[in-house]
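# Coordinate analysis (summary)
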Amino acid sequence: MQIKFSLNGETVELEAAASRTLLDWLRDDRGLTGTKEGCNEGDCGACTVMVQDETGVRALNACILFLPQIHGKSVRTVEGLTGPGAELHPVQAEMVRHHGSQCGFCTPGFVVSMAVGHTNGRCDHDDVLAGNLCRCTGYAPIIRAAEAAEDAPVPDWISDGPVPCDPLKTAPESADELAEWYAAHPDATLVSGATDVGLWVTKGLRDLGEVAFLNRCRDLQQIEDTGDTLRIGAGVTMATLLPVLRDHHPSYAEMVRRYGSEQVRQAATIGGNIANGSPIGDNPPALIALGAELHLRQDNNRRQIPIEDFFLDYGKQDRQPGEFVEAVTLAKSAPNLRCYKLSKRFDQDISAVLGCFDIGVADGVVASARIAFGGMAGVPTLAHSVIEGLLGEAWSFETIEAVLPRFSDDFTPMSDMRASADYRLKSAQNMLVRYWHEMAGEQVNVLEVRP
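Residues numbered from 1 in each chain as written. Predicted model: local features only at pLDDT ≥ 70, side-chain atom pairs only at ≥ 80, totals over all residues. Heavy atoms only, no water.

### Observations concerning the overall build of the protein
- Counting secondary structure elements, the protein contains 16 helices and 18 strands.
- Relative to the globule expectation of 22 Å for 451 residues, the C-alpha radius of gyration of the protein, 23 Å, shows essentially globular dimensions.
- For the protein, the C-alpha atoms occupy an extent of roughly 70 × 60 × 40 Å along the three principal directions.
- Buried positions account for 54% of the 451 residues belonging to the protein.
- In the protein, of all internal contacts separated by at least 6 residues, the share reaching a separation of at least 24 is 64%.
- For the protein, the accessible surface area stands at approximately 19400 Å², while carbon and sulfur atoms represent 48% of it. (Helix = DSSP H or I, 4+ residues; strand = E, 2+ residues; numbered from the N terminus. Rg over C-alpha atoms; globule rule 2.2 N^0.38 Å. Buried < 20%, exposed > 50% of the residue type's maximum accessible area, 1.4 Å probe, protein only. Contact = heavy atoms within 4.5 Å. Areas by Shrake-Rupley, 256 points an atom, 1.4 Å probe, with all protein chains shown as cover.)

### With respect to the nonpolar core
- Residues Tyr252, Ile371, Phe373 and Leu432 are the most contacted members of the largest nonpolar core, which totals 67 residues.
- Element by element, the count of residues in this core is highest for helix α16 (residues 421-439), at seven residues.
- Beyond its immediate sequence surroundings of up to four residues, tyrosine 252 is in contact with Leu245, Ile270, Asn283, Ala286, Leu287, Leu290, Leu337 and Cys339. (Core = buried A, V, L, I, M, F, W, Y, C linked by side-chain atoms within 4.5 Å.)

### Some points on the pattern of salt bridges
- In the structure shown here, the tally under the stated rule is 25 salt bridges.
- Residues arginine 257 and aspartate 347 are paired through a salt bridge, measuring 3.2 Å at the closest nitrogen-oxygen approach. Here arginine 257 is found in helix α9 (residues 250-259), whereas its partner aspartate 347 is found in the loop between β15 (338-342) and β16 (353-362), with 90 residues between them in sequence.
- Exposure remark for arginine 257: the relative accessible area of 14% places this residue in the buried category.
- Salt bridges here are not isolated pairs; linked through shared partners, they connect Arg122, Asp124, Glu262 and Arg265. (Salt bridge = Lys/Arg side-chain N within 4 Å of Asp/Glu carboxyl O.)

### Considerations on the environment of arginine 20
- When you line up the elements, arginine 20 lands in the loop between β2 (10-15) and α1 (22-28).
- Each C-alpha atom of the pair arginine 20 and histidine 125 lies 31 Å from the other, and the pair is 105 residues apart in sequence.
- Ignoring anything within four residues of it in the chain, the contact list for arginine 20 reads Trp25, Asp28, Asp29, Leu65, Phe66 and Leu67.
- At a separation of 2.9 Å, a polar atom in the side chain of arginine 20 contacts the side chain of aspartate 29. (Polar contact = N/O pair within 3.5 Å; in protein donor to acceptor, adjacent residues only side chain to side chain.)

### Thoughts on a negative patch on the surface
- A cluster of acidic residues, Asp126, Glu147, Glu150 and Asp151, forms a negative patch on the protein surface.
- Position of glutamate 150 relative to the elements: it lies in the loop between α5 (139-148) and α6 (175-184).
- Judged by its relative accessible area of 33%, glutamate 150 falls in the partly exposed class. (Patch = residues over 30% accessible without salt bridge, like charges linked within 9 Å, V, L, I, M, F, W, Y side chains within 5 Å. Lys, Arg positive; Asp, Glu negative; His and termini not counted. Charge placed at Lys NZ, Arg CZ, Asp CG, Glu CD.)

### Considerations on the sheet that holds strand β8 (residues 223-225)
- In space, the five strands of this open sheet follow the order β8-β9-β14-β10-β11, with antiparallel pairing throughout. Strand pairing shows two members of the sheet lacking a second neighbour, β8 and β11 (301-306), which therefore form its edges. When the angles between neighbouring strand axes are averaged without regard to direction, this sheet yields 20°.
- Helix-sheet contacts for α6 involve β10 (293-298), β11 and β14 (323-331), and the interaxial angle to β14 is about 140°. (Pairing = 2+ DSSP bridges. Axes fitted to C-alpha atoms, helices over the stretch in contact; angles between N-to-C directions.)

### Things to note about the pairing of β2
- Here six bridges tie strand β1 (residues 2-7) to β2, and the two strands are oriented antiparallel to one another. Paired with serine 6 across the two strands is threonine 11, which belongs to β2.
- The hairpin formed by β1 and β2 contains two residues between the paired strands, and asparagine 8 there has a positive phi angle of roughly 50°.

### Description of the sheet that holds β2
- The five strands are arranged β2-β1-β5-β3-β4 in an open sheet whose pairing can be described as mixed. The sheet is open, and its two edges are formed by β2 and β4 (56-61), each paired on a single side. Here the average twist between neighbouring strands, direction ignored, is 35°.
- Of the pairings in the sheet, the one linking strand β3 (residues 48-53) to β4 comprises six bridges and is antiparallel in character. Looking at the pairing, valine 51 lines up with arginine 58 of β4.
- Its contacts with the sheet put helix α3 (residues 107-119) on β3 and β4, and the angle it makes with β3 is roughly 30°.

### A look at the environment of tyrosine 259
- Relative to the assigned elements, tyrosine 259 resides in helix α9.
- For the pair tyrosine 259 and isoleucine 350, spaced 91 residues apart in sequence, the C-alpha to C-alpha distance is 7.1 Å.
- Excluding anything up to four places from it in sequence, tyrosine 259 contacts Met238, Asn273, Asp282, Asn283, Lys341 and Gln348.
- At a separation of 2.9 Å, a polar atom in the side chain of tyrosine 259 contacts the side chain of asparagine 283.

### Regarding the packing of aromatic side chains
- Tallying each qualifying case throughout the model produces 12 aromatic pairs.
- Each ring, one from tyrosine 182 and one from phenylalanine 324, has its centre 6.5 Å from the other, and the planes form 55°; the classification is tilted. On the criterion of sequence distance, the pair formed by tyrosine 182 in helix α6 and phenylalanine 324 in strand β14 is long-range, its members being 142 residues apart.
- Judged by its relative accessible area of 4%, tyrosine 182 is buried.
- Phenylalanine 324 sits in the buried class, given a relative accessible area of 3%.
- Measuring from centroid to centroid gives 5.8 Å for tyrosine 340 and phenylalanine 357, while their planes differ by 45°, and the two rings are tilted. Here tyrosine 340 is found in strand β15, whereas its partner phenylalanine 357 is found in strand β16, with 17 residues between them in sequence.
- Among the residues examined, phenylalanine 357 registers a relative accessible area of 0% and is labelled buried.
- One aromatic cluster is present, built from ring pairs that chain together Tyr340, Phe357, Phe373, Trp395, Phe407, Phe411 and Tyr435.
- Taking NZ or CZ as reference, arginine 206 lies 4.0 Å from the ring centre of tryptophan 200, over its face. (Phe/Tyr/Trp six-rings, centres within 6.5 Å; stacked < 30°, edge-to-face > 60°. Lys NZ or Arg CZ within 6 Å of the ring centre and 35° of its normal.)

Right under this line is the structure:
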């Protein structure tokens, strides 16, 4: 397909294969080798590029960004951060001054992430740079460089924007167009952020076949306040959703902050995280605990189901050919919701176990309970037996202890490289214990405990 975009201030037009990544094209066709290939799966940030369009400026991982996704956008690599007279970008100058590089492999990705953060006025450097890994310099001088550049003006030479272009036939402009196209091509692959599908290509070496790119379906990228609920379009990125969650569900929000880097959150969508049906996807347990409803669409037909009913078995969802996730609706208020993520690395790691709890107590008795887990079965699911054991019982530690054996009724987890079955089961039990202590007002977060 013919695509058009801006690269470091130069308009580019080319014939692009649907599954060719921007990283490969930059290095192989343009010789822009400052953008590095590290993990090739969106984890290390060595391939970070700056992408601009009408929605703003974002840092994205070029290794899992397909060329058609940048149609109509502006891209800057590390080579494009310097000015027309070889003037250094402020973050480049401060990296030099603060000795922020040793081997230099990770440095271009860091500098691009820092430049995007600087452009957007971000000072939360730990979050901005969490998706960039360094193994020799250490993060302290890099953070000092980012802090030193905070007050410097944004260079005018990197102020790009969208590029006028004709729509791509495989990039529908609305949910209606998508519904019509997908009904006619039910075996096609839908690509939104490509944070999952990208690995099908870079790691699985798969041929995607027919592809539709959803990033231009703006009506799928809306969040609607309906009074007591929020209707979140399937195309809403996790970066867009995060501040909304902070306002309504802070524990859920902190889990989202941990499970993806800035680059991943800027690309990944809530609909994609649901639709891929992963048993270790981190959104579904939270949404199940919230009693969320999933909106599905097939051509002009729509249906709404409890989100827990969408996950049937490992790799199998209740989704018909040509049917796609259109939105998810969740409660605006759930003050008792808590999400606990257990992973080997605290930030940006796949969960070994993720538990989400929303328990209501009236007059000292458990009146309602929604407890959901990921990583404990072939699908994210409710802990039905545990819930049954809690309902109608006194809200006490004795009740908690009495229902812990019921976890074995609900789950038979597997052992893998992230955790053994016994460890997963014990961890899930401990999360309920932790929830009880937190609801009692005790300090349970080890990052916040003070002597």
